[in-house]
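# Secondary and tertiary structure notes
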Amino acid sequence: MMENTGVVKVGLCVMALSLAAMNVRAQEAAAAEAKAEDAEEQVKVFEPLVRIASIRGVCEVNNPDVKHYAAAIQNKAYPLGSSFRTADGTATLIFSTQDTLNLGTNTEVIVTACTKNPDARVVRLLSGSFKTNLRDNLPDGSFNVITENANCLSLSGRGEYSVMKDAEIDIFQVGTVTGSTRIEGPQFVVPALRAANTINIQTSPGRSLTRMTSIYGDFAVVLENGTEEPQNYTMTPKSVVKIWREKAPIGGRTVVSVLAVNHVGTAQHRFAYVVGRPVLATGDLVDPERAADPEAEDEKLPSLVSDEKPAAGKEKPAAEDDADGDK
């Protein structure tokens, strides 16, 4: 009789352990499923369509399915690839319940998905201005602004962006109120334009000259100098960086000259180099002691472009020059 009782007790223990193990596995499965759902929600930062609201005045949309401009419809969602433009009016583009963009008057933009990340958004600013109202904690690369002469990447927070023309000069101005953005352009990068910073970027036709001016705040700019270690410069209000570009008459490579001056106009950095030819770089020509002297006279920046004209039939093809540079 006692042996039977022992068998029953062992059976009950085994059953209890089995039930406990099943309960643990069920909890683990539920936790894994919940984690997967949370991860999926985190990946989908924005809605798949762009909704337009708060239309005031004239606002038109070019839906890629329709392929022509028509009056925008209040609170309607449009597919990515649509172009939006305002005349004497304004409108708001809604990407999610927490992320919006306010179009100014006489503004035209195109909204697309990022090529490498379909969940990210790209706004190409063709003309006019807009203000962003984005989350401060957006994942890197989620929201980007593209223009003809510079790109703003990984936007977050609130900011103001505008493009305009003054004669033939393209002017792109970026001001961050909160959050930050990274600015990339030819031969320069602003790693982080943060809260209360504003930069003005002017570009001449053909990108022969780029002029960057700090309007508000202090921020770093990284300048290519033809070597593996670019030049870092901290811009302060009224400081200026100028980048000149010219095609070499022999070889056709781009020759770049850079000048950075502080708020009183004293040269802080100046150098020149040939793109793709590290051996043809002047290095920084500004003496640190002279840079600290506001009365120091600027010296002429040497040119890496030869003034000699090649003899007839003796000009070296650009393709051949490029091939030599790769050796």
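What you see as residue numbers is a count from 1 along each chain, following the sequence as written. With the structure being a predicted model, the display of local features is reserved for residues of pLDDT at least 70 and the display and counting of side-chain atom pairs for 80 or more, all residues being used for whole-chain, interface and lining totals. Only heavy atoms go into the side-chain values, all of them from the structure, while hydrogens and water stay out.

### Considering the overall build of the chain
Helix and strand counts for the chain come out as three helices and 23 strands. Partly exposed residues are those whose accessible area sits between 20% and 50% of the maximum for their type, while under 20% is buried and over 50% is exposed, using a 1.4 Å probe and protein chains only. By residue count, 37% of the 327 residues in the chain fall in the buried class. Whether two residues are in contact is decided by their heavy atoms: any pair within 4.5 Å suffices. Within the chain, contacts between residues at least 6 apart in sequence are counted, and of these 45% link residues at least 24 apart. Throughout, the Shrake-Rupley method with a 1.4 Å probe supplies accessible areas, and for residues the shown protein chains are the sole cover considered. Carbon and sulfur atoms form 53% of the exposed surface of the chain, whose accessible area is close to 18,700 Å². Going along the chain from the N terminus, every DSSP run of H or I of four or more residues is numbered as a helix, and every run of E of two or more is numbered as a strand.

### Observations concerning the packing of aromatic side chains
Aromatic rings from Phe, Tyr and Trp, taking only the six-membered ring of Trp, are treated as a pair when their centres fall within 6.5 Å; an angle between ring planes under 30 degrees marks them as stacked, one over 60 as edge-to-face, and anything in between as tilted. Applying the stated criterion across every chain, the model contains six aromatic pairs. Ring geometry for F46 and F95: centres 6.3 Å apart, planes at 70°, overall edge-to-face. One end of the pair, F46, is in the loop between α1 (2-43) and β1 (50-56); the other, F95, is in strand β6 (residues 90-96), with 49 residues separating them in the sequence. Across the pair, F95 and F46 agree in class, each one buried. Three or more aromatic residues joined by ring pairs form one cluster here, namely F46, F95 and F143. Criterion for a charge above a ring: Lys NZ or Arg CZ within 6 Å of the ring centre, and within 35 degrees of the ring normal. Positioned above the aromatic ring of Y69, the side-chain terminus of R85 is 3.6 Å from the ring centre.

### Section: the nonpolar core
For the purposes of this section, nonpolar cores are sets of buried Ala, Val, Leu, Ile, Met, Phe, Trp, Tyr and Cys residues that join through side-chain atoms within 4.5 Å. Core analysis: the biggest nonpolar cluster contains 49 residues, and F84, L93, F143, I183 and V241 have the highest contact counts within it. Beyond its immediate chain neighbours, meaning those up to four positions away, F84 contacts V50, I52, E60, V61, Y78, L93, L103, T107, E108, V109 and V111.

### Some details on unusual backbone geometry
Glycine aside, residues mostly have negative phi angles, and peptide bonds mostly take the trans form. If you check the backbone angles, K67 has positive phi at about 70° while not being a glycine. The exposed category is assigned to K67, whose relative accessible area is 69%. With a phi angle near 70°, A196 is a residue other than glycine that sits in the positive phi range. Relative to the assigned elements, A196 resides in the loop between β15 (188-194) and β16 (197-203). Relative accessible area serves as the criterion here: at 53%, A196 is assigned to the exposed category.

### Brief notes about the confidence of the model for the chain
Low-confidence regions, as indicated by low pLDDT, have predicted coordinates that should not be scrutinised in detail. For the chain, per-residue confidence averages 84 on the pLDDT scale, and residues scoring 70 or more make up 75% of the total. Confidence scores here are pLDDT values: one per residue, from the predictor, ranging 0 to 100. In this model residues 38-42 is a low-confidence stretch, pLDDT under 50, and it forms zero contacts with partners more than four residues away in sequence or in other chains. Within the model, the stretch residues 303-327 combines pLDDT values under 50 with 29 contacts to residues more than four positions away or in other chains.

### A word on the pattern of salt bridges
Whenever a carboxyl oxygen of Asp or Glu lies within 4 Å of a side-chain nitrogen of Lys or Arg, that contact is scored as a salt bridge. Evaluation of the coordinates by the stated rule reveals four salt bridges. R135 is the partner of D99 in a salt bridge, and the nearest nitrogen-oxygen pair spans 2.5 Å. In this pair, D99 is assigned in strand β7 (residues 99-103) and R135 in the loop between β9 (121-133) and β10 (143-146), connecting sequence segments 36 residues apart. Since its relative accessible area comes to 0%, D99 is described here as buried. D170 is the salt-bridge partner of K165, the closest N and O atoms lying 2.5 Å from each other.

### A short note on the pairing of strand β17 (residues 209-216)
Where β16 and β17 come together, six bridges link them in antiparallel fashion. Residue pairing across strands places I201 opposite M212, the latter belonging to β17. One requirement defines pairing of two strands: DSSP has to find at least two bridges between them. Connecting β16 to the antiparallel partner β17 that follows it, the hairpin turn spans five residues, and G206 within it adopts a positive phi of roughly 75°. By the bridge criterion, five bridges tie β17 to strand β20 (residues 240-247) in an arrangement that is antiparallel. Bridging from a neighbouring strand, L209 pairs with W244 of β20.

### Notes on the environment of E47
Inspection of the secondary structure puts E47 in the loop between α1 and β1. Judged by relative accessible area, E47 falls into the partly exposed class, the value being 45%. Considered as a pair, E47 and D119 are 72 residues apart in the sequence and their alpha carbons are 8.8 Å apart. Not counting the four nearest positions on each side in its chain, E47 is found in contact with F95, S96 and R121.

### Examining the side chain of S180
Tracing the backbone through its elements, the reader meets S180 in strand β14 (residues 180-185). Setting aside residues up to four positions removed in sequence, S180 forms contacts with S154, L155, S156, L193 and R194.

### Brief notes about the environment of Q231
By secondary structure assignment, the location of Q231 is in strand β19 (residues 231-235). A relative accessible area of 17% means that Q231 is categorised as buried. If near-sequence neighbours (up to four positions away) are discounted, Q231 is found in contact with V221, V222, L223, N225, H269, F271 and D284.

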